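Given next are the chains, with one letter for each unit.
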Amino acid sequence: MQESRKIGIVGAGWVGLVTGGCFAELGHNVIVRDIVEERIESLRAGRMPFHEPNLPEMLEKNRERLRYTTAAEELGEADVLFICVQTPPTYSGDADLSYVWNALDDLPRSERRQILVMKSTVPVGTGDKVRAALEARNLSNVGYASNPEFLAEGNAVRDFLNPDRIVIGAFHEEDAVSVEALYSGIEAPIVRTDVQSAEMIKLAANAFLMTRISFINEIANVCEAVGADVVEVARGVGLDHRLGPHFLRAGIGYGGSCFPKDSLALKQLASNSGYHFQLLSAVIEVNELQKRRVIAKLQKHLGKLRGKKVALLGLAFKPGTDDMREAPSLVLASRLLAEGVEVRAWDPVARPTELLKGAQICDSVLEAVTGADAAVIVTEWDDLRTLASDAVRDAMARPLIVDGRNLLDPDETRAAGFAYEGIGRPTSPFEALAQTAEPPPRVQR
Ligand code: UGA
């Protein structure tokens with residue numbers, strides 16, 4: 001039986017609540033502190049501030065070991081304090097560490113030796129700065145470790161309890177030992193390293209995942225030009241054990257609260273140090289262009305877009321979450337609205353924001369596609385696997401599906417009477433012409 005410790009969590013956001021809930025599950029006593037009163041009250045009342053599968057059950061099951069508070073003093077009781085605050089991009093693209101510094105300012109003085117653990121994604125060098133800030137505040141008895149999170153939204157509880165690895169970078173061996181002990185009960189390789197390398201592991205892992213996505217998206221674009229099928233290509237490539245099958249799903253680009261911001265932060269970190277990270281710059285640019293490719297696909301089938309109706313199916317940046325931060329749906333909606341398209345949007349959990357102003361929000365897929373000239377699969381929700389149905393085909397003004405996530409089988413979809421456009425999949429030029437509103441241009445001889 002492992003020793004139960006008292007853990008403080010700074011920030012009741014998505015990382016903080018998953019971390020707190022999972023440490024409670026491992027038998028520790030957890031105090032979650034946030035500055036937002038309403039959030040703490042909701043949590044005390046058992047209400048979740050966002051959608052994350054399995055998290056509500058996890059918090060409920062361990063409620064005896066979880067305490068929510070706005071009072072910073074209560075963190076003085078904790079042996080280990082996890083900083084789980086947001087690090088959004090500043091205007092320059094660097095990570096904004098103001099929430100980290102605020103957390104440090106609020107740190108209560110404690111008689112016991114506490115360890116501060118950075119879970120938030122921060123630039124390399126943050127640990128050194130925090131260390132110096134602690135010294136300056138006469139808090140040199142407070143230890144410090146970097147222990148980045150590798151949680152994917154929608155899967156975060158499972159990722160925490162079954163991680164590929166646990167990375168711990170510390171200035172002092174005893175702190176690394178204490179942090180490692182908190183995870184006892186979890187089977188995973190432990191990477192013990194220095195603070196800077198731990199910080200870089202997180203940034204490099206995300207950058208590599210994004211590189212794979214932009215790489216396969218570019219391969220998809222070439223596939224379209226030469227008549228290959230990227231789904232087949234990814235399968236064949238991914239079976240090479242040196243490459244592996246993950247993050248090779250071509251689509252309309254990555255979004256979310258992490259990749260876009262972390263790629264910019266790493267790019268800025270490199271350039272602030274005098275290095276131009278060309279590959280990462282290309283990864284970011286490819287992703288931006290990829291989101292917009294849907295527009296060209298719609299134009300190919302519909303001709304001029306002004307006055308057309310388009311259903312955007314899925315608003316969250318990926319399934320399993322209600323998070324719409326940096327979601328491709330936002331770029332698509334605003335581009336389509338600018339083209340004079342009537343946008344009808346649907347998502348099973350994400351609630352529309354100001355950013356979707358101008359789009360008509362629908363309660364069901366059928367409502368969204370009724371009268372539509374095209375349906376675009378933006379997020380690969382399971383509900384959309386049955387999109388190519390008689391009911392949908394009959395409800396649409398034109399039965400055209402642009403599958404931004406390669407969710408459907410092209411042959412089955414065409415057999416069901418739809419024109420189909422995936423990403424990086426062969427299309428028939430006749431299909432496009434048959435759907436075009438305007439007559440095909442005359443060839444001048
Ligand atoms: C990502 C990482 O996967 C986590 O390991 C990391 O901890 C987290 O960021 C973070 O830094 O906090 P997340 O953003 O929740 O997690 O979601 P992912 O599942 O990684 O998906 C990110 C985006 O990539 C989504 O928009 C998804 O649609 C897209 N994607 C993913 C693809 O387009 N193709 C793929 O093959 C995989």
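Look up: the structure comes first, before these words.
The structure reproduced in this document is the subject of the present report. Small disclaimer: the values here were computed from a predicted structure and weren't measured. Here the residue numbers are simple positions, counted from 1 along each chain's written sequence. In view of the model being predicted, local features appear only for residues whose pLDDT reaches at least 70, and side-chain atom pairs are presented and counted only at 80 or more, with totals across whole chains, interfaces and linings using the full set of residues. Water and hydrogen atoms play no part in the side-chain values, which are based on all heavy atoms of the structure.

1. Concerning the overall build of the protein chain
Helical segments are the DSSP runs of H or I of at least four residues, strand segments are the runs of E of at least two, and each set is numbered from the N terminus. Each helix and strand counted, the protein chain has 16 helices and 14 strands in total. In terms of overall dimensions, the protein chain has C-alpha extents of about 85 × 50 × 40 Å along its principal axes. Each residue gets one of three labels from its accessible area relative to the maximum for its type: buried under 20%, exposed over 50%, partly exposed in between, using a 1.4 Å probe on protein chains only. Taking all 445 residues of the protein chain together, 52% fall into the buried category. Throughout, a residue-residue contact means that at least one pair of heavy atoms, one from each residue, lies within 4.5 Å. Counted over contacts in the protein chain with a minimum sequence separation of 6, partners at least 24 positions apart contribute 72%. In these tables, accessible area is a Shrake-Rupley quantity obtained with a 1.4 Å probe, and a residue counts as shielded only by the protein chains included in the view. Summed over all atoms, the accessible surface of the protein chain reaches about 20500 Å², with 52% contributed by carbon and sulfur.

2. A word on the packing of helix H11 (residues 278-302) against helix H12 (residues 328-338)
Helix-helix packing: each pair is described by the crossing angle between the helix axes and the interaxial distance. Closest axis-to-axis distance for the H11/H12 pair is 8 Å, and the angle between their directions is 40°. On the basis of the axis angle, H11 is oblique to H12. Judged by the twist between their axes, the crossing of H11 over H12 is right-handed. In this structure, H11 uses Lys 291, Arg 292, Val 294, Ile 295 and Leu 298 to contact H12, whose residues at the interface are Pro 328, Val 331, Leu 332, Arg 335 and Leu 336. In the contact of H11 with H12, the residues fall into 7 nonpolar, no polar and 3 charged. Orientation is described by axes fitted as lines to C-alpha atoms, over the contacting stretch for helices, and by angles from 0 to 180 degrees between their N-to-C directions. By the definition adopted for this analysis, an angle is roughly parallel if under 35 degrees, roughly antiparallel if over 145, roughly perpendicular if from 65 to 115, and oblique otherwise. What makes a crossing left-handed is the near helix being turned counterclockwise from the far one by less than a right angle; a clockwise turn instead makes it right-handed. Note on residue classes: Ala, Val, Leu, Ile, Met, Phe, Trp, Tyr, Cys and Pro are nonpolar, Asp, Glu, Lys and Arg are charged, and everything else, Gly too, is polar.

3. Some details on the sheet that holds strand E2 (residues 29-33)
Sheets are built from strands that pair by backbone hydrogen bonding, the pairs being arranged parallel or antiparallel. Pairing between two strands requires that DSSP report at least two bridges joining them. Within the open sheet, the 8 strands sit side by side as E3-E2-E1-E4-E5-E6-E7-E8. Their pairing is mixed. The open sheet has two free edges, formed respectively by strand E3 (66-69) and strand E8 (190-193), since each of these has just one partner strand. Between one strand and the next, the sheet's axes are offset by a mean angle of 25°, whatever the strand orientation. Judged from the 4 bridges that link them, strand E4 (residues 80-83) and strand E5 (residues 115-118) form a sheet pairing that is parallel. For Leu 81, the partnering residue across the bridge sits in E5 and is Leu 116. Those strands touched by helix H2 (residues 37-44) are E2 and E3, and its axis lies near 150° from that of E3.

4. A look at the packing of aromatic side chains
A pair of aromatic rings is counted whenever rings of Phe, Tyr or Trp (Trp by its six-membered ring) have centres within 6.5 Å, and the orientation is called stacked for planes under 30 degrees apart, edge-to-face for over 60 and tilted otherwise. Evaluated as defined, the whole model comprises 8 aromatic pairs. Here Phe 23 and Phe 160 contribute two aromatic rings whose centre-to-centre distance is 5.2 Å and whose plane-to-plane angle is 85°, an arrangement assigned as edge-to-face. You can see Phe 23 sitting in helix H1 (residues 14-25) and its partner Phe 160 sitting in helix H6 (residues 156-161), a full 137 residues away along the chain. Take Phe 23: its relative accessible area is 0%, and that puts it in the buried class. Put simply, the rings of Phe 23, Phe 82, Phe 160 and Tyr 183 pair up and form one aromatic cluster. Charges are assigned to positions over rings by a cutoff of 6 Å between ring centre and Lys NZ or Arg CZ, combined with an angular limit of 35 degrees from the ring normal. Above the face of the Phe 150 ring, Arg 165 is positioned so that its terminal group lies 3.6 Å from the ring centre.

5. Remarks on the pattern of salt bridges
The working definition used for a salt bridge is a side-chain nitrogen of Lys or Arg within 4 Å of a carboxyl oxygen of Asp or Glu. A full pass over the atoms with the stated rule returns 33 salt bridges. Ionic pairing is found between Asp 240 and Arg 242, a salt bridge with its closest N-O pair at 2.8 Å. Its relative accessible area of 23% is what places Asp 240 among the partly exposed residues. Several salt bridges share partner residues, and in doing so they unite Glu 224, Arg 293, Lys 297, Lys 300 and Glu 421 into one network.

6. Considering the site of the ligand
One heavy atom within 4 Å of a molecule or strand is enough for the residue carrying it to be called near that molecule or strand. Around the ligand, the structure places 20 residues, and the nearest of them are Glu 149, Glu 153, Lys 202, Asn 206 and Cys 258. Coverage of the ligand by the protein amounts to 94% of the 710 Å² it exposes when considered alone. Secondary structure elements with two or more residues in the shell around the ligand: helix H8 (195-226) and helix H10 (259-272). For the shell around the ligand, the element with the most residues is H8, which contributes 4 residues. Looking at the shell around the ligand, its residues break down into 11 nonpolar, 2 polar and 7 charged.

7. Looking at the packing of helix H4 (residues 98-106) against helix H5 (residues 126-136)
Closest axis-to-axis distance for the H4/H5 pair is 11 Å, and the angle between their directions is 25°. By the angle between their directions, the pair H4 and H5 is classed as roughly parallel. Once H4 is placed against H5, the crossing between them reads as right-handed. Contacts between H4 and H5 involve Val 100, Trp 101 and Leu 104 on the former and, on the latter, Lys 129, Val 130, Ala 133 and Leu 134. Residue classes in the contact of H4 with H5 are distributed as 6 nonpolar, no polar and 1 charged.

8. Some points on the side chain of Asp 323
Residue placement: Asp 323 occurs in the loop between strand E9 (309-313) and H12. Of note is the side chain of Asp 323, whose polar atom sits 2.9 Å from the side chain of Arg 325. Non-local contacts of Asp 323, meaning those with residues more than four positions away in its chain, are made with Glu 153, Ser 257, Ala 316 and Phe 317. Two N or O atoms count as a polar contact when they lie within 3.5 Å, although within protein this holds only if one can serve as hydrogen donor and the other as acceptor, and sequence-adjacent residues are included solely when both atoms are side-chain atoms.

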